[in-house]
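# Structural overview
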Amino acid sequence: MDINTIKADQTLDTRGLACPMPLLKTKKTLKGMQSSQILEVLGDDPGSKNDIPGWSGKGGNEFLGMTDTDQGYTRYFIKKG
Amino acid sequence: MAAGSLIASVKEEARKNYIAVFEQDWPSWLAGIFIALLALMIFLWDAPWGIAGGYKNWGNWVLYSLGIFKDKPFAPWLHPMSLSNFGIFVGAFFSAMMSRQFKIRQAPPLEYAKGIVGGILMGIGAAFAGGCNVGGFFTATGMLSLGGIAMMVGLGGGAWIGLKYLLWELEHLPAKPLSKKDGSGPFLGINWDRVQPYIGTGVVVAVVAAFYAYATIDKTVLGGLLFFGFLIGLVMHRARFCFVRAFRCPFMTGEAEMVKVVAMSLIIYGMGSAIIKWAWIKDPMMGVYHPFFLGSLVGGLIFGVGMILAGGCASSTLWRIGEGHLKLVMTMIGFALSNALTARAIEALNLSDRLGKGIFMPEVFTWEVTIPLFIIFFVMWAFIAIWNEASEKFVIF
């Protein structure tokens, strides 16, 4: 799947936040979403590059991928399980 | 093979290794082994590794300069823990430069406030426990001081309380994301991504030069501490090694990864120090002064809340500053000042006797029992965390 064509149902902006806030917010936002909806997370903490893919691959959710933007932050895509 | 293609293949090999060492994150278990070994080397080289004492030295200096404290503290460049702390910062800065990850990282106002409050709480907790997550927990446990275990319990409780607060905050204080100006244009017209590794190389040269400079003025021990700190900072940044996770993740995501790593690291550290102490290579009572159990337990509890608010403990505050996080600069300032003040207050009020005293595990359990008990205890901790990962029994939301 081409990451740039994914259409997210919801976007969560965690730019400027550092560990553990991005992951905490991601977990909380996903909880409020419906199964098979897609969440896009924006973040610029280097720690998130391990945390978000590592965590969201577990517990029934699916990590769809991530991509760096020219503005220095990363976009992550997670599908709620 | 033609000379041209040989050079090309050496270059290619160097490039691949550079990426493996400086761009890809190291696995945390590898960092766990390195940190235990480096901590043992610091013990053999000089005295058990700690961090809060360095912060306290910095706080004392500020308070002395303001005229609040009358007695002149040790100069920071002659204070052992101040130097190893500075080494951790420099090591992380070097690593961030080599991996082109250094950036001045701003945060929303609420995060700065949490950074300061977290730092203040950690400073108070560390003063009560006779050390931070390193000196009061990691090294204390490694040195077979029972206070380390009491602080571990406190840290777990504090992490739980801190996480409850963060969840409350998410409901009640929705933070506005930092509005980013688009395009991180070249600062001073320099392409920093290209320049960073050269600055990093300069930093290594400076650290090695500093070691020899210390040696020439007969302070080789201090130069060595700077260098060991540098290695710890490098390892911690490369693996993003964070003690906080071992206490937070079981409640937050259920992940057991860092519990396993810290448990393994402590088994290496504890058994290494058992060899050193049982054989009397170093005085067995070295590093055994943590106030068991009240000081360590209560200090751990306060410290645990603080490290969750700050998003970093004593060690990860240093390496995250090396990566450019301004929030943790606030944390460091709060930590240094509150630790110096609280330590002074405990002294003035004569509280130390009531907080407890240092207890050496082999003195209570004998060497023969301490060693298996120590190993079983940390293996059990790891197994409970693994069970929790599957059952999510302790996950609070």
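What counts and how
Residues numbered from 1 in each chain as written. Chains lettered and ligands numbered in written order. Predicted model: local features only at pLDDT ≥ 70, side-chain atom pairs only at ≥ 80, totals over all residues. Heavy atoms only, no water. Helix = DSSP H or I, 4+ residues; strand = E, 2+ residues; numbered from the N terminus. Rg over C-alpha atoms; globule rule 2.2 N^0.38 Å. Buried < 20%, exposed > 50% of the residue type's maximum accessible area, 1.4 Å probe, protein only. Lys, Arg positive; Asp, Glu negative; His and termini not counted. Charge placed at Lys NZ, Arg CZ, Asp CG, Glu CD. Pairing = 2+ DSSP bridges. Axes fitted to C-alpha atoms, helices over the stretch in contact; angles between N-to-C directions. Core = buried A, V, L, I, M, F, W, Y, C linked by side-chain atoms within 4.5 Å. Contact = heavy atoms within 4.5 Å. Parallel < 35°, antiparallel > 145°, perpendicular 65-115°, else oblique. Nonpolar A, V, L, I, M, F, W, Y, C, P; charged D, E, K, R; others polar. Patch = residues over 30% accessible without salt bridge, like charges linked within 9 Å, V, L, I, M, F, W, Y side chains within 5 Å. Areas by Shrake-Rupley, 256 points an atom, 1.4 Å probe, with all protein chains shown as cover. Salt bridge = Lys/Arg side-chain N within 4 Å of Asp/Glu carboxyl O. Buried area = accessible area lost by both parts, 1.4 Å probe. Polar contact = N/O pair within 3.5 Å; in protein donor to acceptor, adjacent residues only side chain to side chain. Phe/Tyr/Trp six-rings, centres within 6.5 Å; stacked < 30°, edge-to-face > 60°. Lys NZ or Arg CZ within 6 Å of the ring centre and 35° of its normal. pLDDT = per-residue confidence, 0-100. Left-handed = near helix turned anticlockwise from the far one by under 90°.

## Comments concerning the overall build of chain A
When helices and strands are counted, chain A shows 2 helices and 4 strands. When the helices and strands of chain A are read in sequence order from the N terminus, they spell out β-α-β-α-β-β. Against the compact-globule benchmark of 12 Å for 81 residues, chain A has a radius of gyration of 11 Å, which places it among compact chains. Projected onto its principal axes, the C-alpha coordinates of chain A cover approximately 30 × 25 × 20 Å. A total of 81 residues make up chain A; the buried ones form 57% of that total. Here chain A carries 11 positive and 10 negative side-chain charges, and the mean point of each set is 9 Å from the other.

## Concerning the sheet that holds strand S3 (residues 62-68) of chain A
Residue and element names in this part refer to chain A. Pairing in this open sheet of 4 strands is mixed, and the strands run S1-S2-S4-S3 from one edge to the other. Lying at the two open borders of the sheet, with one neighbouring strand each, are strand S1 (10-13) and S3. Within the sheet, the average angular offset between the axes of one strand and its neighbour, ignoring direction, is 20°. Alignment of S1 against strand S2 (residues 38-43), held across 4 bridges, turns out to be parallel. Each bridged residue has a counterpart across the sheet, and for Leu12 the counterpart in S2 is Val41.

## Some thoughts on the nonpolar core
Residue and element names in this part refer to chain B. Within the largest apolar cluster, 98 residues are counted, with the highest numbers of intra-cluster contacts made by Trp49, Phe303 and Met307. In terms of residue count, the dominant contributor to this core is helix H11 (residues 257-278) (11 residues). Excluding residues within four positions of it along the chain, Phe303 makes contact with Leu121, Met122, Gly125, Ala126, Cys132, Asn133, Met151, Leu155, Cys313, Ala314 and Phe335. Residues Val90, Phe93, Met97 and Phe230 belong to the second largest nonpolar core, which totals 10 residues.

## Let's talk about the packing of helix H6 (residues 133-142) of chain B against H11(B)
Packed helix pairs are characterised by how far apart their axes lie and by the angle those axes make with each other. Residues and elements named next belong to chain B. Packing of H6 against H11 leaves a shortest axis separation of 7 Å and a crossing angle of 50°. Relative to H11, H6 is oriented oblique. Judged by residue contacts, Phe137, Phe138, Thr139, Thr141 and Gly142 of H6 engage Val262, Ser265, Leu266, Tyr269, Gly270 and Ser273 from H11. Within the contact of H6 with H11, the residues separate by chemical class into 5 nonpolar, 6 polar and no charged.

## Examining a nonpolar patch on the surface
On the surface, Ile376(B), Met380(B), Ile384(B), Trp387(B) and Phe394(B) cluster together into a nonpolar patch covering about 500 Å² of accessible area. Topologically, Trp387(B) is positioned in helix H16 (residues 361-391).

## A few points about the interface of chain B and chain A
Taken together, the contact pairs 36 residues of chain B with 25 residues of chain A. Counting each side, the surface lost to burial between chain B and chain A is near 2600 Å², with a carbon and sulfur contribution of 57%. Summed over the shared surface of chain B and chain A, the number is 2 salt bridges. Glu171(B) is the partner of Lys28(A) in a salt bridge, and the nearest nitrogen-oxygen pair spans 2.7 Å. Joining chain B to chain A, the criterion identifies 5 residue pairs in polar contact (both at pLDDT 80 or more). At 6 residues, the largest contribution of residues to the side of chain B that touches chain A is made by helix H7 (residues 147-172) of chain B. Residue composition of the side of chain B that touches chain A, grouped by class: 13 nonpolar, 7 polar and 16 charged.

## Focus: the packing of aromatic side chains
Using the criterion set out here, one finds 28 aromatic pairs over all chains in the structure. An aromatic cluster is defined as three or more aromatic residues linked by ring pairs; in this entry it consists of Phe137(B), Phe247(B), Phe374(B), Phe377(B), Phe378(B) and Trp381(B). A cation over an aromatic ring shows up here: Arg15(A) above the ring of Tyr73(A), its NZ or CZ 4.4 Å from the ring centre. The positively charged end of Arg344(B) is found above the aromatic ring belonging to Phe69(B), 3.8 Å away from the centroid.

## A few points about the environment of Ser82(B)
All names here are of chain B. In this fold, Ser82 is placed in helix H4 (residues 80-98). Sequence-wise, Ser82 and Gly125 are 43 residues apart; in three dimensions their C-alpha atoms are separated by 19 Å. Residues contacting Ser82, with those up to four places away along its chain left out, are Gly54, Asn57, Trp58 and Pro76. Of the polar contacts made by the side chain of Ser82, one reaches the backbone oxygen of Pro76; its length is 2.7 Å.

## Brief notes about the pairing of S2(A)
All names here are of chain A. Of all 6 residues that make up S2, 6 are buried, and the element is covered over most of its length. Burial of the side chains of S2 extends over both faces: Ile38, Glu40 and Leu42 are buried on one face and Leu39, Val41 and Gly43 on the other. In this structure, S2 lies alongside strand S4 (residues 74-79), joined through 6 bridges in antiparallel fashion. When the bridges of S4 are listed, Glu40 appears paired with Phe77.

## With respect to the side chain of Ser84(B)
Residues and elements named next belong to chain B. Within the element layout of this structure, Ser84 appears in helix H4. By relative accessible area, Ser84 is classed as buried at 4%. Ignoring sequence-local partners within four residues, the contact set of Ser84 consists of Trp49, Gly50, Leu225 and Gly229.

## Topic: the confidence of the model for chain B
Segments scoring low in pLDDT should not have their predicted coordinates read at a detailed level. Predicted confidence across chain B gives a mean pLDDT of 94, with 96% of residues reaching 70 or more. Scored as a whole, the predicted complex attains pTM 0.93, and scored at its interfaces, ipTM 0.89.

## Describing the packing of H6(B) against H7(B)
All names here are of chain B. Relative orientation of the contacting elements H6 and H7 amounts to 125°, with a least axis distance of 7 Å. If you check the angle between H6 and H7, you find them oblique. Here the hand of the crossing between H6 and H7 comes out left-handed. In this structure, H6 uses Asn133, Gly136, Phe137, Ala140 and Thr141 to contact H7, whose residues at the interface are Gly147, Gly148, Ile149, Met151, Met152 and Leu155. Tallied by class, the residues present in the contact of H6 with H7 amount to 6 nonpolar, 5 polar and no charged.

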